[in-house]
Amino acid sequence: MSVTSAQPQPQSTEPRSRALRTAFRGLAAIEKIGNRLPNPFWLFWILAGVVAVLSAVLATTGLSAVHPGSHETIKVQNLLSKDGLTMAVEGAVDNYAAFPPLATILTVMFGIAVAEKSGLFSALLRRMVARVPGRYLTFALSMTAMVSHVAGDAAYVTLIPLGALVFRAAGRSPVLGCVVAYVSIAAGYDASPSLTTTDVLLSGISTAAAHTIDAHHVVTPVANYFFGLGSSILVALVITLVVDKVLARRSDLEPDEPIAAPDAEELAAIEITERQQRALRTTGLVAAGFLAFLAAAMIPASSPLRGEGGGIVNSPLIGGMALVLGVFFAVLGTVYGRMAGTFTAARDSIGAMVDGTRSMAPILVLFFAIAQFLAYFKWTNIGNILAIKGAEALRDLHLHGWTVLVGIAVLITFMNLVITSGSALWALAAPVLVPMLMLIGIEPETTQAVYRVADSVTNCVTPMSPYFVMALGFIQQYRKSAGIGTLASFTIPIAAVVWVVWVAFFVAWYLLGIPLGIG
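Basis of the calculations
Residues numbered from 1 in each chain as written. Predicted model: local features only at pLDDT ≥ 70, side-chain atom pairs only at ≥ 80, totals over all residues. Heavy atoms only, no water. Helix = DSSP H or I, 4+ residues; strand = E, 2+ residues; numbered from the N terminus. Buried < 20%, exposed > 50% of the residue type's maximum accessible area, 1.4 Å probe, protein only. Contact = heavy atoms within 4.5 Å. Areas by Shrake-Rupley, 256 points an atom, 1.4 Å probe, with all protein chains shown as cover. Polar contact = N/O pair within 3.5 Å; in protein donor to acceptor, adjacent residues only side chain to side chain. 1 Å grid on protein atoms, 1.4 Å probe; cavity = no way out; pocket = protein on both sides within 12 Å on 5 of 7 lines; lining within 4 Å. Points joined across faces, edges and corners; volume = space filled by probe spheres on them. Nonpolar A, V, L, I, M, F, W, Y, C, P; charged D, E, K, R; others polar. Axes fitted to C-alpha atoms, helices over the stretch in contact; angles between N-to-C directions. Parallel < 35°, antiparallel > 145°, perpendicular 65-115°, else oblique. Core = buried A, V, L, I, M, F, W, Y, C linked by side-chain atoms within 4.5 Å. pLDDT = per-residue confidence, 0-100.

1. Observations regarding the overall build of the chain
Step number 1: Per the secondary structure count, the chain includes 23 helices and two strands.
Step number 2: Across the 519 residues in the chain, those meeting the buried criterion constitute 52%.
Step number 3: Long-range pairs, those at least 24 residues apart, make up 79% of the contacts in the chain with a sequence separation of at least 6.
Step number 4: Carbon and sulfur atoms provide 65% of the accessible area of the chain, an area that totals close to 23700 Å².

Structure (structure tokens):
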């Protein structure tokens, strides 16, 4: 009689909690609906078609509103009329060229591409989590993720496997390391202790939306900096508490098969070499010198970098922040690359910029569709009228400003489950929300800040995000039985707590009247 050895059975991913089972069913429905949506490029063209038809219908009804500033009567213009079609055809190129985030995001990306290609970001992230005492590891990894937002989506590729590795080295579950890195990047995507491309991208869209009401209002890239800095520390602390006090006690954290501590080759992937350490130190000194030079240049009241009347907020330095950031990261990347040996000639920096521009191709294509949609939406006056009517309704309801903002946070949170692109979602929401709230006394910078909270948190729970699938792939290296439910059972509790705490933090910041950023 032969004896067959028992085969290990896959671990069940079905959660015991009824709330989580309900959440999983909701996620499955969202995934099903989301998978039926067209690519965002086509989605904005479809919306443009909806605007065209809607404008034709509303124009015949004579729908109008009185602008509260100019007291001018605004009527809906028919996009399907001769004038509308002429604008759409003749203005297509101008619409694209004038799209606020287009040139600014490219300018910043030139510099960030140099820093990323040189290995600066990778070395910096590894340096931040290497040799951290075990009890501070979760916070260190989460805070490193907040810093990594400056690298954009490249942070996911670098930090998730690094998180698994440093947790293994500390004798902790690599699955939990993947989760901490992924959630910290995704749920806190709009929280960072440094300026990022997101600051430049969103501020451009916000400025364009604000011009509906005030043609002189400018939302600068540093308009939410103070709030973003505080939020990065808060979100990292909340994630640390939820992970270490709750999730770390789960019984299903171990890999399918016992794994040894990292070998010398794997440890080398965490540690940085002596040459890289010297390069980081030198780059840090250059960064400090760069910032000190800018600060010193702004001190004299007659400085050419100051704005009219010696102002700082309206200065060329703040207005040209995209160029400043681009040059800053290009200089640091070049210095690090030459010191570390990843760059050997000046042409390497140019090659990095070319590669970075190539990686931007998908968003440049998307920007063309968004630019046309926004131009049509603005020309028809539908956005203006919606904003005015919406503001009147809010005034009639006598709601406090913070309750309106929390309501918007809820709305954006659910929208983000399906439309996972932050720029696409803000391009859709800003033309209505920004002017509408301006009419009831809420500044565009405040509306943008609450949007950033709501847009961030659900990034880690929606299976519509490509990085959700990426994170799951890294986890499956340790637990082959893991599925969407496995990852969601980790991310949903964290996201829920982060959402409540972060929104409460925003409300407290708003009620206390603390400046959100510079200007």
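Now that the structure has been shown, we can carry on.
2. Remarks on the side chain of threonine 413
Step number 1: Note that threonine 413 resides in helix 19 (residues 401–416).
Step number 2: Here threonine 413 falls in the buried class, since its relative accessible area comes to 9%.
Step number 3: A polar contact of 2.6 Å, which involves the side chain of threonine 413, links it to the backbone oxygen of alanine 409.
Step number 4: Not counting the four nearest positions on each side in its chain, threonine 413 is found in contact with Ala454, Thr458 and Trp499.

3. Side note on empty space enclosed by the protein
Step number 1: This structure, assessed with the given rule, holds three cavities of 30 Å³ or more.
Step number 2: A volume near 50 Å³ is recorded for the largest cavity.
Step number 3: Taken together, Asp190, Ala191, Ser192, Ser194, Leu195, Thr196, Asp199, Asn224, Tyr225, Gly228 and Arg452 form the lining of the largest cavity.
Step number 4: Taken together, the residues that form the lining of the largest cavity break down as three nonpolar, five polar and three charged.
Step number 5: What lines the second largest cavity is Asp190, Asn224, Phe227, Gly228, Ala449, Arg452, Val453 and Trp502.

4. Brief notes about the packing of helix 6 (residues 120–129) against helix 13 (residues 274–298)
Step number 1: At a minimum axis separation of 11 Å, helix 6 and helix 13 run at an interaxial angle of 100°. In terms of orientation, helix 6 lies roughly perpendicular with respect to helix 13. Packed against helix 6, whose contacting residues are Leu120, Ala123, Leu124, Arg126 and Arg127, the element helix 13 presents Gln276, Leu280 and Thr283 at the interface.
Step number 2: Taken together, the residues of the contact of helix 6 with helix 13 break down into four nonpolar, two polar and two charged.

5. A short note on the nonpolar core
Step number 1: Among the nonpolar cores identified, the biggest contains 158 residues, and Tyr182, Ile370, Ile494 and Trp502 are the most heavily contacted of them.
Step number 2: Residues contacting isoleucine 494, with those up to four places away along its chain left out, are Val179, Val183, Ile239, Val242, Val243 and Leu247.

6. Section: the confidence of the model for the chain
Step number 1: Across the chain, the average pLDDT comes to 83, with 87% of residues at or above 70.
Step number 2: Mean pLDDT per element in the chain: helix 1 (residues 18–36) is the minimum at 60, and helix 11 (residues 225–245) is the maximum at 94.
Step number 3: A low-confidence stretch, residues 1–13 (pLDDT under 50), is modelled with 11 contacts involving residues beyond four sequence positions or located in other chains.

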